[in-house]
Amino acid sequence: MSEELKEQDEFLGSVGDTVNTEDTDTAAGNPSAESPTDVADADSEPTPEQLLAQAKAEIEELKTQALYKQAEFENYRKRTIKEKADLILNGSKSAVTALLPIVDDLERALPSMKESDDVAAVAEGVELIYQKFLKALAGLGVRQIETEGKDFDVDLHEAVAQVPGVPDEQKGRVIDCIEKGYTLNDHVIRHAKVAVGM
């Protein structure tokens, strides 16, 4: 009987040691064990007062950004209006500057034309001024519309006369240019007035 009691005491002692060891592990900070305070910290949420304060701060920041953007746009609008007004008032400055030397040439030529009896010399002077004028226009992007031997094109030509009885190869083509047309930077500013073969 005493041996059975002894075996029971040993068994209970080993079970007690196991339970004590588990308690010790938990108390010693076993990573798998969580304390009640850790669980409470993980589940905690911001208070309504904190959320309200955060929302108010974000609203103030957005208001400030909107005011800056509005001020920038107002400055941009005023600047573009001023630039547009300056362009309207002074946009022809480059054209006038390019034509002034031709005015100077004409002012010098007029007295000579009145005093000269040499028509050929006068004609040569006028031709030089005319070529200089065309060169100045070309510098401004103005070009003459080609008409000689060209097919009639409604985008470039204006038919003011029809020439009947022309050979078949000239039908629908420009026969004569009555008034020259011009383009400015590839946009028609005056159609060429032409006679078209029929």
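Please refer to the structure higher up on the page.
Residues numbered from 1 in each chain as written. Predicted model: local features only at pLDDT ≥ 70, side-chain atom pairs only at ≥ 80, totals over all residues. Heavy atoms only, no water.

Before going further, it helps to examine the environment of Asn185. Its location among the elements puts Asn185 in the loop between strand 4 (182-184) and strand 5 (187-190). What makes Asn185 exposed here is its relative accessible area of 52%. The sequence separation of Asn185 and Val142 amounts to 43 residues, and the corresponding C-alpha distance is 6.5 Å. In contact with Asn185, not counting residues within four places along its chain, are Leu140 and Gly141. (Helix = DSSP H or I, 4+ residues; strand = E, 2+ residues; numbered from the N terminus. Buried < 20%, exposed > 50% of the residue type's maximum accessible area, 1.4 Å probe, protein only. Contact = heavy atoms within 4.5 Å.)

One open sheet accounts for 3 strands, arranged 1-4-5; its pairing is antiparallel. Here the strands that pair on one side only, and so sit at the sheet edges, are strand 1 (142-144) and strand 5. Between one strand and the next, the sheet's axes are offset by a mean angle of 35°, whatever the strand orientation. As paired strands, strand 4 and strand 5 are joined by 3 bridges and run antiparallel to one another. Of the residues in strand 5, the one forming a bridge with Thr183 is Val188. (Pairing = 2+ DSSP bridges. Axes fitted to C-alpha atoms, helices over the stretch in contact; angles between N-to-C directions.)

Considering the arrangement of structural elements, one finds Thr183 in strand 4. Residue Thr183 is classed as buried on the basis of its relative accessible area, which comes to 11%.

What follows deals with unusual backbone geometry. Even without glycine at this site, Asn185 takes up a positive phi of about 50°. The residue Asp186 is not glycine, and still its phi comes out positive at about 70°. Mapping Asp186 onto the fold places it in the loop between strand 4 and strand 5. Residue class for Asp186 comes out exposed when judged on its relative accessible area of 74%.

End to end, helix 5 (residues 119-139) covers 30 Å across 21 residues, agreeing with the expected 30 Å (1.5 Å per residue, within 8%). For helix 5, the set of buried residues is Ile129, Ala136 and Leu137. Viewed along the axis of helix 5, the buried residues span an arc of 100°, placing them on a single side of the element. Among the exposed residues of helix 5, those pointing more than 90 degrees away from its buried face are Ala120, Glu124, Leu128, Lys135 and Gly139. Here the buried face of helix 5 lies against helix 4 (93-115) and strand 1. If you check the start of helix 5, you find a side-chain oxygen 3.2 Å away from the backbone N of Ala120, and it comes from Asp118. (Expected span 1.5 Å × (residues − 1). Arc of directions from axis to C-beta. Polar contact = N/O pair within 3.5 Å; in protein donor to acceptor, adjacent residues only side chain to side chain.)

Taking strand neighbours across the sheet as the criterion, the 3 strands line up as 2-6-3 in an open arrangement whose pairing is mixed. On the outer flanks of this sheet lie strand 2 (157-163) and strand 3 (174-179), each paired with one strand and no other. Neighbour to neighbour, the strand axes of the sheet diverge by 30° on average, direction disregarded. Here 6 bridges tie strand 2 to strand 6 (residues 192-197), and the two strands are oriented parallel to one another. By the bridge assignment, His157 is partnered in strand 6 with Ala192.

Opposite charge on two side chains allows them to pair when their charged atoms are near. Enumeration according to the criterion identifies 8 salt bridges in this entry. Note that Asp86 and Lys82 form a salt bridge whose closest N and O atoms lie 3.3 Å from each other. Taken together, the positions of Asp86 and Lys82, both in helix 3 (residues 48-90) and 4 residues apart, correspond to about one turn of that helix. Relative accessible area serves as the criterion here: at 55%, Lys82 is assigned to the exposed category. Beyond isolated ion pairs, a larger network of salt bridges with shared partners links Asp105, Arg108 and Lys132. (Salt bridge = Lys/Arg side-chain N within 4 Å of Asp/Glu carboxyl O.)

Purely spatial values, then, with no claim about function.
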